[in-house]
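Okay, here's what each chain looks like letter by letter:
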Amino acid sequence: MAHTPPHTVKIVEQSKVSPPPGSVPTTSLRLTFFDLLWHLCCPMQRLYFYSFPHPTQLFYQSLLPNLKTSLSLTLQHFFPFAGDLLCPPSPARPHILFSSGDSVPFAVAESAADFDRLIADDPRDVLELHPFVPKLPPARAKGDTRVVPLMALQVTVFPNSGISIGVTFCHVAADGRAFHHFMKSWASVCKSNGDLRSIEKSTPFHGRDSIKIPAGVELDVLKDFWDWASVKNEDQGPVDLASNNKLAGKVRATFVLGQAQIDGLKHWVMNQCNEEELEALHISTFVVTCAILWVCLITSQEMELSKPSALDEPYFFVFLGDCRNRLEPPVPSTYFGNCLAFCIVSVNRNELLGGNGIVAAVKAFGKRVKELESHGALEGAENWMREWKEILEKYHFATVAGSHKLGIYETDFGLGMPKKSELVHTDVSGAISLSDKRDGANDGVEFSLALSRTQMDHFNAILEERLKIIVV
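All of these numbers come straight from a predicted model, not from anything done at the bench.

(A) Spotlight on the packing of helix H6 (residues 259-271) against helix H10 (residues 357-374). Where H6 meets H10, the axes come as close as 10 Å, and the angle between the chain directions of the two elements is 95°. Between H6 and H10, the angle falls in the class roughly perpendicular. Here Leu265, Trp268 and Val269 of H6 come into contact with H10, specifically with Ile358, Val359 and Val362. Within the contact of H6 with H10, the residues separate by chemical class into six nonpolar, no polar and no charged.

Structural data, given as structure tokens:
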């Protein structure tokens, strides 16, 4: 099946934005245990779309200068994004280095694409969004050390309609909470026309020494990291979207679960359980949302398979838990970097596809969340990288990226809340992208998926059918 040609963009400016001169000294940040887990991860790609029903001239005269100035001011607090990841040969440890003059590449583009179509929820070819996210500059060699840029930005203007802000960054520098802290800070400074007082009460905390990990755990993960890095090609270059088989025939669609539907799902699950089972359950918005999406996803995939898996084959779901308030001692909520626990759940195929598949999934998710709370965030941490590699290579799995608690739609540059935000790299990774809702109400969740056209149709029909049965 041929791809729909991606929208073309005209790059009209390429510049670099640095923190104000002299505002940040040369700073080296070691990679913590939590950062190392993401070193070999593909770059993250996030798009924000905003209404801007004005002539292009106004964008260049007013909005663009403010975006650049506020970005520069914000980077003095979030300077790692302007720095580089330095990867010396083994056994030396990678680290992030910011030096005076370091910057973030900043591209400005124009597009005649239909803005309203881009922000719609209906299924459309995954390639339609890719021209609006920037590519990271290629890694370079400095002696025997590999130097990797950590962030790139692209602002695209759609004349008389809107703008998009596209961000590509390396996960090794920051997790979702830290990244969205940066984006909301930049937006706040922009909205206040450069007034840094708008973020002075929530500046990032860069104290890497606050992350206390048992030495044995760090050594185990560092060994696994070097073992994996030795066989992984880190210099493959940009993905050729037109020939990428993982994107062939894929469409992206967005769905919304309202609070009434989520509450109905919670009540339905509780009604399927006896009192003893209820005591052991952890029923939250995240748990029930992941449970129904997993079951619907697996069911739709089964309809595509010519040879189904064995009934007793374990299926895996991987999600992440914020550890900032779960470590001993806890680290500040504004900690900048990675601080995520890998959480893995497993349910046999026959259980997921059975009549009580959603309940079985809720029990598995709830059990893992309770373990995270009771056993500590670092339970089994020395095995996380090894287990994830094994699941990637051998098993059927699903993952979720993002969270409905990150306040993605609170990112206001003075243009109002985003009309849409998309996590573009999930087109390749296959993860479910989860976020808060666009309407400003602090309830319900929004999620996006990239699937084949026929599987997307199956998924939509199955989800609607399940919700009709469960949510009365």
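(B) Local environment of the domain arrangement of the chain. Looking at the assigned domains, one finds that the chain contains domain 1 (9-231) and domain 2 (250-471). One C-alpha centre belongs to domain 1, the other to domain 2; they are set 25 Å apart. Listed by partner, the interface residues are 70 residues for domain 1 and 56 residues for domain 2. Summed over both partners, the interface of domain 1 with domain 2 comes to about 5600 Å²; 65% of that surface belongs to carbon and sulfur atoms.

(C) Seen up close, the sheet that holds strand S9 (residues 145-149). Strand order in the open sheet formed by five strands is S2-S5-S4-S9-S8, and the pairing between neighbours is antiparallel. Taken across any chain shown, the strands that pair with only one partner, and hence form the sheet edges, are strand S2 (27-30) and strand S8 (140-142). For this sheet the average axis-to-axis angle between neighbouring strands, irrespective of direction, equals 30°. Here four bridges tie strand S4 (residues 84-87) to S9, and the two strands are oriented antiparallel to one another. Across the sheet, the residue bridging to Cys87 is Arg146, located in S9.

(D) Spotlight on the pattern of salt bridges. This structure, assessed with the given rule, holds 25 salt bridges. A salt bridge links Lys68 to Glu13; the nearest nitrogen and oxygen atoms lie 2.1 Å apart. Of this pair, Lys68 sits in helix H2 (residues 56-75) while Glu13 sits in strand S1 (residues 10-17), and the two are 55 residues apart along the sequence. Close ionic contact of Asp412 with Lys191 constitutes a salt bridge, the shortest N to O distance being 2.9 Å. With Asp412 in the loop between strand S15 (396-402) and strand S16 (420-423) and Lys191 in helix H4 (residues 176-191), this residue pair connects regions lying 221 residues apart in the sequence. Accessibility expressed as a relative area gives 18% for Asp412, which makes it buried.

(E) Molecular detail of unusual backbone geometry. Going from Ser90 to Pro91, the amide bond is cis rather than trans, its omega being 10°. Turning to its location among the elements, Pro91 is positioned in the loop between S4 and strand S5 (95-98). Geometrically, the link from Glu328 to Pro329 is a cis peptide bond, its omega value of -5° lying close to zero. With a phi angle near 65°, Asn160 is a residue other than glycine that sits in the positive phi range.

(F) Representation of the sheet that holds strand S14 (residues 340-348) in the model. Spatially, the seven strands line up as an open sheet ordered S7-S12-S18-S17-S15-S13-S14, and their pairing is mixed. Looking at strand neighbours, the two that pair on one side only are strand S7 (124-125) and S14, the edges of this open sheet. Where strand S13 (residues 314-322) lies against S15, four bridges are found, and the strand directions are parallel. Pairing of Phe317 across the sheet is with Ala398, part of S15. Sheet strands touched by helix H13 (residues 453-470): strand S12 (250-257) and strand S18 (445-452). Its angle to S18, the strand with the most contacts, is close to 145°.

The rules behind each value
- Residues numbered from 1 in each chain as written.
- Predicted model: local features only at pLDDT ≥ 70, side-chain atom pairs only at ≥ 80, totals over all residues.
- Heavy atoms only, no water.
- Axes fitted to C-alpha atoms, helices over the stretch in contact; angles between N-to-C directions.
- Helix = DSSP H or I, 4+ residues; strand = E, 2+ residues; numbered from the N terminus.
- Parallel < 35°, antiparallel > 145°, perpendicular 65-115°, else oblique.
- Contact = heavy atoms within 4.5 Å.
- Nonpolar A, V, L, I, M, F, W, Y, C, P; charged D, E, K, R; others polar.
- Domains from an automatic or database assignment.
- Buried area = accessible area lost by both parts, 1.4 Å probe.
- Pairing = 2+ DSSP bridges.
- Salt bridge = Lys/Arg side-chain N within 4 Å of Asp/Glu carboxyl O.
- Buried < 20%, exposed > 50% of the residue type's maximum accessible area, 1.4 Å probe, protein only.

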